[in-house]
There are 8 protein chains.
Amino acid sequence: SYAKVDHHRELRNGYPEVIYSPGKTLDQIKGIVENMMKRSKGNILASRADRDVFEAIKSVTSDAIYYEAARSVVVKREEYKTTDDYILVVTAGTADIPVAEETAVTATVMGNQVKRLYDVGVAGIHRLLDNVAIINHAKTVIVVAGMEGALASVVGGLCDKPIIAVPTSIGYGANFGGISALLGMLTSCASGIAVVNIDNGFGAACMASKINKL
Amino acid sequence: SYAKVDHHRELRNGYPEVIYSPGKTLDQIKGIVENMMKRSKGNILASRADRDVFEAIKSVTSDAIYYEAARSVVVKREEYKTTDDYILVVTAGTADIPVAEETAVTATVMGNQVKRLYDVGVAGIHRLLDNVAIINHAKTVIVVAGMEGALASVVGGLCDKPIIAVPTSIGYGANFGGISALLGMLTSCASGIAVVNIDNGFGAACMASKINKL
Amino acid sequence: SYAKVDHHRELRNGYPEVIYSPGKTLDQIKGIVENMMKRSKGNILASRADRDVFEAIKSVTSDAIYYEAARSVVVKREEYKTTDDYILVVTAGTADIPVAEETAVTATVMGNQVKRLYDVGVAGIHRLLDNVAIINHAKTVIVVAGMEGALASVVGGLCDKPIIAVPTSIGYGANFGGISALLGMLTSCASGIAVVNIDNGFGAACMASKINKL
Amino acid sequence: SYAKVDHHRELRNGYPEVIYSPGKTLDQIKGIVENMMKRSKGNILASRADRDVFEAIKSVTSDAIYYEAARSVVVKREEYKTTDDYILVVTAGTADIPVAEETAVTATVMGNQVKRLYDVGVAGIHRLLDNVAIINHAKTVIVVAGMEGALASVVGGLCDKPIIAVPTSIGYGANFGGISALLGMLTSCASGIAVVNIDNGFGAACMASKINKL
Amino acid sequence: SYAKVDHHRELRNGYPEVIYSPGKTLDQIKGIVENMMKRSKGNILASRADRDVFEAIKSVTSDAIYYEAARSVVVKREEYKTTDDYILVVTAGTADIPVAEETAVTATVMGNQVKRLYDVGVAGIHRLLDNVAIINHAKTVIVVAGMEGALASVVGGLCDKPIIAVPTSIGYGANFGGISALLGMLTSCASGIAVVNIDNGFGAACMASKINKL
Amino acid sequence: SYAKVDHHRELRNGYPEVIYSPGKTLDQIKGIVENMMKRSKGNILASRADRDVFEAIKSVTSDAIYYEAARSVVVKREEYKTTDDYILVVTAGTADIPVAEETAVTATVMGNQVKRLYDVGVAGIHRLLDNVAIINHAKTVIVVAGMEGALASVVGGLCDKPIIAVPTSIGYGANFGGISALLGMLTSCASGIAVVNIDNGFGAACMASKINKL
Amino acid sequence: SYAKVDHHRELRNGYPEVIYSPGKTLDQIKGIVENMMKRSKGNILASRADRDVFEAIKSVTSDAIYYEAARSVVVKREEYKTTDDYILVVTAGTADIPVAEETAVTATVMGNQVKRLYDVGVAGIHRLLDNVAIINHAKTVIVVAGMEGALASVVGGLCDKPIIAVPTSIGYGANFGGISALLGMLTSCASGIAVVNIDNGFGAACMASKINKL
Amino acid sequence: SYAKVDHHRELRNGYPEVIYSPGKTLDQIKGIVENMMKRSKGNILASRADRDVFEAIKSVTSDAIYYEAARSVVVKREEYKTTDDYILVVTAGTADIPVAEETAVTATVMGNQVKRLYDVGVAGIHRLLDNVAIINHAKTVIVVAGMEGALASVVGGLCDKPIIAVPTSIGYGANFGGISALLGMLTSCASGIAVVNIDNGFGAACMASKINKL
Ligand SMILES: Nc1ncnc2c1ncn2[C@@H]1O[C@H](COP(=O)(O)O)[C@@H](O)[C@H]1O
Ligand SMILES: Nc1ncnc2c1ncn2[C@@H]1O[C@H](COP(=O)(O)O)[C@@H](O)[C@H]1O
Ligand SMILES: Nc1ncnc2c1ncn2[C@@H]1O[C@H](COP(=O)(O)O)[C@@H](O)[C@H]1O
Ligand SMILES: Nc1ncnc2c1ncn2[C@@H]1O[C@H](COP(=O)(O)O)[C@@H](O)[C@H]1O
Ligand SMILES: [Mg+2]
Ligand SMILES: [Mg+2]
Ligand SMILES: [Mg+2]
Ligand SMILES: [Mg+2]
Ligand SMILES: [Mg+2]
Ligand SMILES: [Mg+2]
Ligand SMILES: [Mg+2]
Ligand SMILES: [Mg+2]
C-alpha cells in the first residue's frame, strides 16, 4: 500500500525502477526490496543511501553491496553487462567526486562501460587540454562541476559528442546550493549541452545510458 | 574586430557556428555573413532573427530564406542533408510552437530528419497516449512545454529514448518567464531527461543532432 | 495571556481551532489543551507534533492518541463522525506519505470519510490510469506530490471533481524545498485545481472538509 | 496540426476546453473556433483576449460577444445555464476588478449563478463586516486581492465555505508582480483556503464551478 | 582591537550601543562588557544571547539578568526609567512571542512603558476588535506576526498611531523564513506602517523608543 | 459598485482615503472624486497619477492641481494646514527626487511642515556631514535612496530621530528594481530605522505624518 | 538644489564625479554640466546617455562628443592623458561590445591607455589561447561576458594580473538579466577575480584606472 | 586520480594552488599535501580547514600551523616574504573578523605586508573618519562587512585606492546569508569597488596580492 513498484519500467524505459531512499522508512525500503526480488531476477539499485539503508537491505539479502563514495546500494544478483562504447565522467574538482561516483556506479549497474577523468577544472585548463582524445572518443560525456560550472562550456566547445552537465552544490555564498553552476550550464555559450538537476548523478546516468545504447 | 568567427567549429562540434542575432547591429550581422560566405561553402544559420535581420541578410545574398514561425534565417547554398532516424519534436500546446519550430528548423538545417507532434499536453492525456508509437520509434525526443512542463515527465515515463526537455516562457504569474517549467523539468520524477535553457529551441536541436548522428 | 484560544471557531468555520505546535513551549501547549478541554467537549487536534508534544499532552489527559506518520496528536473524547461521500488522498511517491497522512488524519478528525491512493506518480502512469474510478467517485481529491508535482496536472485532466494540490518538499537541488512542485501546481495546464502551502496537509484537509460537507 | 482540440474535456472535466489566447496567431484562433463549432453545439470561451482576438473571432461567427472588463470572448450559441447556489466573487480594491470579472464571466458561462462584492479590502474592514451575510450564504467564495492579499485571511476567519484565493499583480515594488499576495495567501493563518495562480481568474472559476455543482 | 565600542552612541542616538551576540566569541563579549562598564555607569544590553552568553557575562558581573523568552541579557546597574505614554506590542500568535519579548525587553531597558497584547491574529478577528481601545491609546504600536502577516494591515486600518511591523520567521514552506510576512507588510494596503527586518524585535524597539520619547 | 470609498478613514487614521490611480479607469477615478466631493469638504489626493489622470479630474473640478514631479493630483478646496515641527526629506541622489517629491507633497497635503535636503549620498559624505543640524532638528527624517541605500545607515548612525527609509528603484543590474536598497535598509547596522515599500513615497509620508502629529 | 555636485571627488578618488544620466531630467543634466564647467577646467563625462542627453549637453557646450557604442557623452576640454601600461578589455561575444565600449571610453577619459580584445568566448577557446601574450602584458584585465560568464574563469586561470569581471545581461531565459553571469563570476573556481555590477562598464573602468595608476 | 594538482599555478598566477578543504576526505587532503610537498619547496595553504583537517595535515608534516580565527592551515617550510606597501583589511563589526582573518592570513602567506582596522562600521562613523590616513596610505583596501555592507560605499567615497569588497553572511532575516551585503556592494553609489563572493576572504586576498605586487 505504501508503494506501487513499477515492474514494467525496464520494458518501457530500458532499466528497472531505482529506489530513491530519502523520505522512506527503513521498513518501507526493506519491503520494496523484497517485493522487487520476488518479481524479477535482475539487480536492484537504491540511490542516495546512507549506511543505515545499506544495513537494512543487507538484513534482507546478503547480495547487497555498498558503494560508499557513490552512496549507492546494489543488490547484485547477476554480473553487470557492459558496452564497447564508453560513457566518460569528468569532474572539475575533487569535491565533485561523490556526485560523479553516483553517476559512474549507476551507469555501470545499468550495463555501460564507464571511464573517469577527475579534477580537470578550468582554473588549470592544461589539465583538460591534455585529455582531449579521451573526451572525443567517448560516446557521451557527463560533466560534473560545482562553483560556476564553467567546465561544461569549455568541454562543449571542444567536443562533438552530446554533453550532459551535472551542476553540483560544491561552493558557498553566491553558489546558493548549486544555483550558480546550474544557471551557468543552462546559459552556456557552447552548444550541444543539456543539464540535469543539481547533484543529480543518477539522472545523468539514466540519460547517458539511453544514449549509449542507441 | 567586432567578431572572431569560429571557422573550425564544424570540425570540433559537428556543425558550424550559428549567428545569434540579438545584441548585434545589422551591419555586424551583414559583416559576419559575408565573412562566413568567404570562408566556407556551407549553409549559414541566423537564430532569433526578426524580419529586419532577414532583410539585412537578404541584401547581402539572395540565398537567404526566412522561416518566420522559427524566427530563423538560412543562407541556403546547398540542399539540407537528412538521416534515416528521426528526431521527434513534441509540444504541450499551440503557444509552444514558435520554440518548437526553432528546434525543428535548426535540426533540419543541421542535416536531420525531423517529425512534429504538436499540442498533446497532459490536460487531455489521451492525445499523447494515442501517439506512443511515433514517440518510441524516434531516435531522440524533444519535449517543448511551458506552464508547469508536466509533459516531459509523462513522456519520460513512457519511452526509452533520451529526452531533451525545453521549458518555454508560455504562461503568466507564477510561471515567472518559464521558471515553473524549468524547475519542473529539472526535478522530474521520471528519468532519462535532460534540460536546456528556457525557450532554447536552438540548444535542444544541437544536442539532438549530436545524438542522432552517433 | 500567551494564548487567546478562539472558542468560536467551530461556529464560524465548521471545525474548532487546531493547535499548531512549532514555536510553542510544552508548557504553553499543555495550558492551551487544558483551556480547550474546559471550554468544549469535542476532540482536540495538535498538528506538527513530535513525540515530546505528545508526551506533554498525554501528561494532561489520558485521551491523547499519537498518529506518528501524520505527526498529529488527538485528544479523542468522542468518536469521529463520518460522511457518505469520501475525500480521496493521492500521492505521487512513498516519500510523500507523511504529508498525506497529516491530511488524512486531519480530515478524519474533522468528521469525513477518507480513502487513500498512494505511490501513483506519473513516471509509471498506468498506476494512475488503473485507478480512474476511485478518483472520479470521490467528492474531492487531494493530490500530494513533490519533485515537479506533475501528478496534479494529470489528475486534473482526468477528473471533474475539485482538486486540492499539496506540493511537498520531497526532492533536492532545484526542488528548493518544494518550490518546483508549488510553481508547477500553480501554473498547471489543467484546470479546476487549487493549491495550498508546501507540505500543508492540514490546510488541504480543512478545504476538503468544507467542500465535502457542502 | 497546430492544435488538437480536446473535444472530450466536457465529459471528463464538466466544462469544455477554453481557448487561451496569448501565444496563438489570429489565424490559429480562428481555426480552433471553427473546429470547435463543427464538433459541438455549445458555447465557446476564449480567455485573455484583447480586442484583436475578438475581431478575429467575430469574422468567423456573428455570435461572438466581447466582455471587455473580463478580456473574454464568448461565442454564445445557447443561453447560459444557472444554479440556485451562487458563487461569490469578492475584491479588495477597484484595481482587482479585471481579474474578478474574468472569474465572474467564466463562471457564468460555465452555468453558475454569480454574485459580486467589490472593494472591501481590510484597510477599511467595516466594509467587509457589513457584508458577512452575503459571504456566508454563498456556496463558495472567491477572494481576489493584490498587494499583501490580507483579505483572504480575514474572509477565511469569518466563513465556513471553501475559499479560493486569487492573488493579483496589483501593486508595485516588493509586490514583485503578485508574489507578495501569492505568498501571503499560501501561508495564511486562516484555514480552508486554497490558492490559484497570480491573476488566474479563469482557474478560480473552474474550481468554483466544480464545487458549486457538487 | 577586535571591537571599537561606540561610547558616544547614547549622545547621538538616545540609547547606548547594544551588543549583538552572534558571531562573537565569549571572550570578546566579556571584553566588550568590561570595557563598557569602565566607560559608563548605565545598563548594558546584549541581544540574541543564548544561555552561554549569559553565563559568560555573569562571570564578569553579578548584575547580569537573563530574560530567557527574549534571549536578552541585561547588566542592570540602575533602575529602568519609564514613560507616561506606552508602546503596545501586539502578536498574531503564540509562536511570535519570543520576538515580541525581545522588543518588549529592549524597549523597557531603553526606559519606556510597554504593554503587551498577544495572540490576536486575524483568523479570529473578534480577538482584535475587542481590543481597539488599548491599541488607540498607545503612542506607537508594534505588530509582530509571522505566516502572512495580515495582522499589520488590519491594525493599520483601525488606528491612527504609527505602526512598526515586525515580520517573524514563524511558518513553513512558502513562508521562506519570514519572506511572506515581510513582503505582505511592505505591500500592505493600509498606510502608516513601516517595517523592520524579519525577527528584528530589537530594531522595532529602537524605532518605537525614539518615537515614544518625541 | 466598483468602489466603496472609506469615508471614515480620516476619523480612524487621521487622514482621508487617497486615490491610488494605477489599475483604475479614468471613469472610475472621476466617479470616485465626485463621490468624495459630495461626502466631505476636504482636500482630495490622487497618487501615482499621470497627466491623463490629472486631465480627467480637472474635467470634474477646476480645483485640481498637478504636482508633476510628484505625480500627484490634489483637489485643493482648502488651504493646507501646517505644523511647527518639520519632517525632513533627504535623498541620496538627483534621480531619487520623484519619490521624494511624492513624499513631500503627500505630507504637505496631510498638513505637515516639510523640509528637503537632496543629493547628499555617501559617495561624497561631506555633503551629509555639513547638514547634521537640519537633520537633528527635524521631528522625523525620511531617507530616500536607491542603489545600495547606504545613506539610511549613515543617517541612522548620526541622529536620534525616528528614520523612515524609502528604497527606490534607481539603479540597474543587481539592483533588481530596488531590492538591493530594500534589503540594505532592512538589514542596516544602524538602529531606529523602519522601512516602507520600494518607491513608496506615499507610505513614508503617512508614517511621518502620524509621528509628526503625536 | 536638485544636485550637490561633489567638486572634491577628483581630490579624494582620483577622478571627478561622473554624471549618471538615467532618472535625471534634461534640464537637470544641463544644469549640472554648466555648474561643473564653472567649477573646473577638466573633461566632463555623462554615462548611460542616449542621444537626447547628448543633444541637451550639446546645446550647452559645443565641446560635447557622443561615443554612441558606449552611450557616453564627453565634454572634451583638454586632450585625454594616457599611460605606458595598458588596461585590456576582453569580451566573450559581439553582443557584449556596448558594455565593453563603456568601459573603454571611461578608462580613456580617465587618462589610461586601453587595448581591446573582442569575441574570444570559450565556445572556441583557441581564440583566447592565441592571445595569451596581450593578456599577460596588460596591467589589469577587464573581462566582459554574458550568458554563463565562463570567460572570466578561463582568463583567471591563465594570467597573473588582477581581473575585473563584468557580467552582462546578454542572454535570455535562465540568464535572468545577467544573474547567471554574475553568480558564475562570483563563484569562479579561478582566483584573483573581482566582480562589478551587471553591465557596469563604468565601475570596471574606475577600478581598473585606480589599479593602473598605482 | 582524485586530484590533478596544478603545479604550474605559481608560474601562471603568481601564487601556488590552495587546497579548498570542504568536500574532500581527510585521506584526499593528506594525499594532496604529500604530493605538493614532493613537487615544490614552498609553503602550502589549506583554506576553510577545521581542526580535523589540521590534525590530518599535522600527521603528514610537523611544519603544519593552524590559524584558528582564519580557519587556515599553513605548511610553513620557509619564512613568509613581505612587501613595503601594505594591504589594509577593514571590518564593519567584530563578527566579520573570521572572514577578515582568512583574508589577512592568505595575503600574508602569499608574501604581502598586511594591516588590520577592525569594527569601524557606519553606525558610528567617527570610528572610520578617525582612520582616513591609514586607509589612504594602503596600496589596496579590503572592506569586509555583513548586514547591509554600507561600509564599502563610505570607504569608496573617501579613498583613491582600489577597493575589494567582501560581503559576509553576518546578519539574519533579510540578510539571506549575505545577499543584502552582496547586492549592496555590487550596486554601490561609490566607484572603484569590486566585489568577491560572500565570505570569500581567500579570493579577496588573491586579488589584493596581485594588485599589491604590480
Ligand atoms: N576558501 C576558498 N574560497 C574559494 N575558492 C578557493 C578557496 N580555497 C581554494 N579555492 C580555489 O579552489 C580551487 C581548488 O578546488 P579543488 O580542485 O576542489 O581542490 C583552487 O584552485 C583555488 O583556486
Ligand atoms: N538519486 C535520484 N535522484 C533523482 N531521482 C531518483 C533518484 N533515485 C531514484 N529516482 C527516481 O525516483 C523515483 C522513485 O520515487 P518513489 O516512488 O518515492 O520511490 C524513481 O522512479 C526514480 O525515477
Ligand atoms: N499544520 C498546520 N499548518 C498550517 N496552519 C496550521 C496548522 N495547524 C494549525 N494551523 C493554524 O494555525 C493557527 C494557530 O496559530 P497559533 O495562535 O500560533 O497557535 C490555527 O488557527 C490554525 O488555523
Ligand atoms: N538583535 C539585534 N538585531 C539587529 N541589530 C542589532 C541587534 N543587537 C545589536 N544590533 C546592532 O548591531 C551593532 C553591533 O555590531 P557589532 O559591531 O558586530 O557588535 C550594534 O551597533 C547594534 O546597532
Ligand atoms: Mg582540484
Ligand atoms: Mg491546446
Ligand atoms: Mg514510488
Ligand atoms: Mg478601494
Ligand atoms: Mg493562537
Ligand atoms: Mg548626485
Ligand atoms: Mg562570437
Ligand atoms: Mg561593533
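Please read these numbers as outputs of a predicted model, since none were measured by experiment.

Asker: When you look at the overall build of chain A in this model, what are you seeing that I'm missing?
Answerer: Looking only at helices and strands, one finds nine helices and nine strands in chain A. In summary, chain A has a C-alpha radius of gyration of 18 Å against a globular reference of 17 Å for 214 residues, a match within 12%. Dimensions of chain A, computed from C-alpha atoms along their principal axes, come out at roughly 50 × 40 × 25 Å. Here chain A holds 214 residues, and the buried ones make up 67% of them. A sequence separation of at least 24 residues applies to 68% of the contacts in chain A between residues at least 6 apart. With the model as given, the accessible surface of chain A reaches about 6,900 Å², and the carbon-plus-sulfur share is 51%. Placing the 22 positive and 22 negative side-chain charges of chain A at their respective mean positions leaves the two points 7 Å apart.

Asker: Is there a simple way to explain the interface of chain B and chain A in this structure?
Answerer: Where interface size is given, it is often the accessible area lost as the parts come together that is meant. On the side of chain A, 30 residues touch chain B, which itself brings 30 residues to the contact. With both sides pooled, the region where chain B packs onto chain A buries about 2,600 Å², and carbon together with sulfur makes up 61% of that total. Contact with chain A buries surface across chain B, with Leu186, Lys210 and Leu214 of chain B losing the most and accounting together for 23% of the total. The tally of links from chain B across to chain A stands at zero salt bridges.

Asker: I keep staring at the site of ligand 3 and nothing clicks. Help me out?
Answerer: Lining the immediate surroundings of ligand 3 are 16 residues, of which Arg9, Lys24 and Ser47 of chain C together with Asp119 and Tyr172 of chain E lie closest. Nearby residues place ligand 3 at the junction of chains C, D and E. Contact distances for ligand 3 include 2.2 Å between an oxygen atom and a side-chain N or O atom of Arg9 of chain C. Between ligand 3 and Cys189 of chain D there is a distance of 3.2 Å, counted from an oxygen atom to a backbone nitrogen or oxygen. Looking at side-chain class alone, the shell around ligand 3 contains six nonpolar, four polar and six charged residues.

Asker: When you look at the relation of the copies chain B and chain A in this model, what are you seeing that I'm missing?
Answerer: Relating one copy of the chain to the other takes a rotation about an axis and a shift parallel to that axis. Note on the copies: chain B fits chain A at an RMSD of 0.0 Å, the axial shift is 0.0 Å, and the rotation between them is 180°. What we have between these two chains is a two-fold relation. In this assembly the copies share their binding face: 100% of the residues contributing to the interface of chain B also contribute to that of chain A.

Asker: Explain the sheet that holds strand β4 (residues 72–75) of chain C here, please?
Answerer: Each strand in a sheet pairs with its neighbour through backbone hydrogen bonds, running either in the same direction (parallel) or in the opposite one (antiparallel). All names here are of chain C. Across the sheet, four strands lie side by side as β1-β2-β4-β3; this open sheet has mixed pairing. Whereas interior strands pair on both sides, the edge strands pair on one side only; in this sheet they are β1 (19–20) and β3 (64–67). The pairing of strand β2 (residues 44–47) with β4 spans three bridges and is classified as antiparallel. When the bridges of β4 are listed, Ala46 appears paired with Val73. Across the sheet, helix α4 (residues 97–109) touches β2, β3 and β4, and the angle it forms with β4 is around 15°.

Asker: It is not clear to me how the site of ligand 2 should be interpreted in this structure. Could you clarify?
Answerer: Around ligand 2 sit 16 residues, and of these Arg9, Lys24 and Ser47 of chain A together with Asp119 and Tyr172 of chain C come closest. Those chains with residues close to ligand 2 are chains A, B and C. In the model, an oxygen atom of ligand 2 is placed 2.3 Å from a nitrogen or oxygen of the Arg9 of chain A side chain. At a separation of 2.4 Å, an oxygen atom of ligand 2 approaches a polar side-chain atom of Lys24 of chain A. A total of 510 Å² of accessible area belongs to ligand 2 in isolation, and the protein chains cover 92% of it.

Asker: When you look at the pattern of salt bridges in this model, what are you seeing that I'm missing?
Answerer: Two side chains carrying opposite charge are able to pair once their charged atoms lie near each other. Scanning the entire structure with this criterion turns up 72 salt bridges over all chains. Among the ionic pairs, Lys76 of chain B bridges to Glu79 of chain B, the shortest N-O distance being 3.7 Å. A salt bridge links Asp6 of chain D to Arg12 of chain D, with the shortest nitrogen-to-oxygen separation between them at 2.9 Å. One exposure class covers both Asp6 of chain D and Arg12 of chain D, and it is buried. The structure contains a network of salt bridges with shared partners spanning Asp6, Arg9 and Arg12 of chain A.

Asker: I'm lost on helix α8 (residues 179–186) of chain B in this one. Help?
Answerer: The periodicity of an α-helix, 3.6 residues per turn, causes residues three or four positions apart to be oriented the same way. Most of α8 of chain B is tucked away: eight of the eight residues are buried. If you check which residues of α8 of chain B are buried, you get Ile179, Ser180, Ala181, Leu182, Leu183, Gly184, Met185 and Leu186 of chain B.

Asker: I tried to follow the packing of helix α4 (residues 97–109) of chain B against helix α9 (residues 201–212) of chain B on my own but got confused; where do I start?
Answerer: Two numbers describe a pair of packed helices, the interaxial angle and the distance between the axes. All names here are of chain B. As a packed pair, α4 and α9 sit with axes 7 Å apart at the nearest point and diverge in direction by 40°. In this structure, the crossing between α4 and α9 has a hand that is right-handed. Residue-level inspection shows Val99, Glu102, Thr103, Thr106 and Ala107 of α4 in contact with α9, the latter providing Gly201, Phe202, Ala204 and Ala205. Here the contact of α4 with α9 is built from residues that sort into five nonpolar, three polar and one charged.

Asker: How should the pairing of strand β4 (residues 72–75) of chain A be read in this particular structure?
Answerer: Looking along a regular strand, one sees side chains alternate from face to face of the sheet. Side chains of β4 of chain A alternate between two faces, with Ser72 and Val74 of chain A and Val73 and Val75 of chain A buried alike. Linking two consecutive strands that pair antiparallel, namely strand β3 (residues 64–67) of chain A and β4 of chain A, is a turn of four residues; a positive phi of about 45° is found at Arg71 of chain A within it.

Asker: I keep staring at the relation of the copies chain C and chain E and nothing clicks. Help me out?
Answerer: For the pair chain C and chain E, the best superposition has an RMSD of 0.0 Å and corresponds to a rotation of 90° with a translation of 0.0 Å parallel to the axis. Within this description, the copies of the chain are treated as partners about a four-fold rotation axis. Minimal C-alpha separation from the rotation axis in chain C is found for Phe176 of chain C, amounting to 7.3 Å.

Asker: What exactly am I supposed to notice about the sheet that holds strand β2 (residues 44–47) of chain H here?
Answerer: Residue and element names in this part refer to chain H. With respect to topology, four strands assemble into an open sheet ordered β1-β2-β4-β3, the strand pairing being mixed. Both outer strands of the open sheet, β1 (19–20) and β3 (64–67), are each paired with one neighbouring strand and no more. Sheet strands in contact with helix α4 (residues 97–109) are β2, β3 and β4 (72–75), and its direction is about 15° off that of β4.

Asker: For this particular structure, what's the right way to read the layout of surface pockets?
Answerer: Where empty space is left in the structure can be found by rolling a water-sized probe over the atoms. Here the largest pocket is characterised by a volume of approximately 1,700 Å³. Those elements that provide at least two residues to the lining of the largest pocket are α8 (179–186) of chain A, α8 of chain B, α8 (179–186) of chain C, α8 (179–186) of chain D, α8 (179–186) of chain E, α8 (179–186) of chain F, α8 (179–186) of chain G together with α8 (179–186) of chain H. Looking at the lining of the largest pocket element by element, the count peaks at four residues for α8 of chain E. Classifying every residue of the lining of the largest pocket by side-chain character gives 33 nonpolar, no polar and no charged.

Asker: Honestly, the packing of aromatic side chains in this entry has me stumped. Any pointers?
Answerer: Within a pair of aromatic rings, the relevant descriptors are the distance that separates the centres and the angle that separates the planes. Within this structure, the stated rule accounts for 16 aromatic pairs over all chains. Relative to Tyr66 of chain F, the ring of Phe54 of chain F has its centre 5.2 Å away and its plane inclined at 15°; by these criteria the two rings are stacked. Of this pair, Phe54 of chain F sits in helix α3 (residues 51–58) while Tyr66 of chain F sits in strand β3 (residues 64–67), and the two are 12 residues apart along the sequence. In this pair, the class of Phe54 of chain F matches that of Tyr66 of chain F, namely buried. The side chain of Lys115 of chain D reaches across the aromatic face of Tyr86 of chain D, ending 4.4 Å from its centre.

The rules behind these values
- Positions within a chain are numbered from 1, following the residues in the order the chain's sequence is written.
- Chain letters and ligand numbers both follow the written order, the letters beginning at A and the numbers at 1.
- Confidence filtering applies because this is a predicted model: local features only for residues at pLDDT of at least 70, side-chain atom pairs given and counted only at 80 or more, and all residues used for totals across whole chains, interfaces and linings.
- With hydrogens and water excluded, all non-hydrogen atoms of the structure serve as input to the side-chain values.
- A run of DSSP states H or I qualifies as a helix once it reaches four residues; a run of E qualifies as a strand once it reaches two. Both are numbered from the N-terminal end.
- C-alpha atoms define the radius of gyration in this analysis, and the globule rule sets the expected value at 2.2 Å times the number of residues to the power 0.38.
- A 1.4 Å probe rolled over the protein chains alone gives each residue an accessible area, and that area as a share of the maximum for its type sets the label: buried under 20%, exposed over 50%, partly exposed in between.
- Two residues qualify as a contact provided that any one of their heavy atoms is within 4.5 Å of a heavy atom in the partner residue.
- A 1.4 Å probe and the Shrake-Rupley method give the accessible areas. Residues count as covered only by the protein chains that appear here.
- When charges are counted, Lys and Arg are positive and Asp and Glu negative, with His and the chain ends excluded.
- A single reference atom marks each charge: NZ on Lys, CZ on Arg, CG on Asp, CD on Glu.
- Values labelled buried area give the accessible surface lost by two parts on being combined, using a 1.4 Å probe and summing over both.
- What makes a salt bridge here is a side-chain nitrogen of Lys or Arg within 4 Å of a carboxyl oxygen of Asp or Glu, nothing more.
- Note on definitions. A residue lies near a molecule or strand when any single heavy atom of the residue is within 4 Å of it.
- We call two N or O atoms a polar contact when they sit within 3.5 Å, provided that within protein one can donate a hydrogen and the other can accept it, with sequence-adjacent residues counted only if both atoms are side-chain atoms.
- Ten residues, namely Ala, Val, Leu, Ile, Met, Phe, Trp, Tyr, Cys and Pro, are considered nonpolar, four, namely Asp, Glu, Lys and Arg, are considered charged, and the remaining ones, Gly among them, are considered polar.
- We superpose the copies by least squares over the C-alpha atoms of residues that have a pLDDT of at least 70 in both of them.
- When DSSP locates at least two bridges between a pair of strands, those strands are taken to pair.
- Angles here are taken between N-to-C directions and fall from 0 to 180 degrees, while the axes themselves are lines fitted to C-alpha atoms, restricted in helices to the stretch in contact.
- With the far helix as reference, a near helix turned anticlockwise by less than a right angle produces a left-handed crossing, and one turned clockwise produces a right-handed crossing.
- In this analysis a 1.4 Å probe is tested at points of a 1 Å grid over the protein atoms alone, and where it fits but cannot get out there is a cavity; an open set with protein on both sides within 12 Å along at least five of seven lines is a pocket; lining residues have an atom within 4 Å of a point.
- Grid points are joined across faces, edges and corners, and a volume is the space filled by probe spheres set on the points.
- Stacked, tilted and edge-to-face are the three classes applied to pairs of Phe, Tyr and Trp rings, where Trp contributes its six-membered ring and a pair requires centres within 6.5 Å; stacked means planes under 30 degrees apart, edge-to-face means over 60, and tilted covers the rest.
- Only Lys NZ and Arg CZ are tested; either one counts as a charge over a ring when it is within 6 Å of the ring centre and within 35 degrees of the ring normal.

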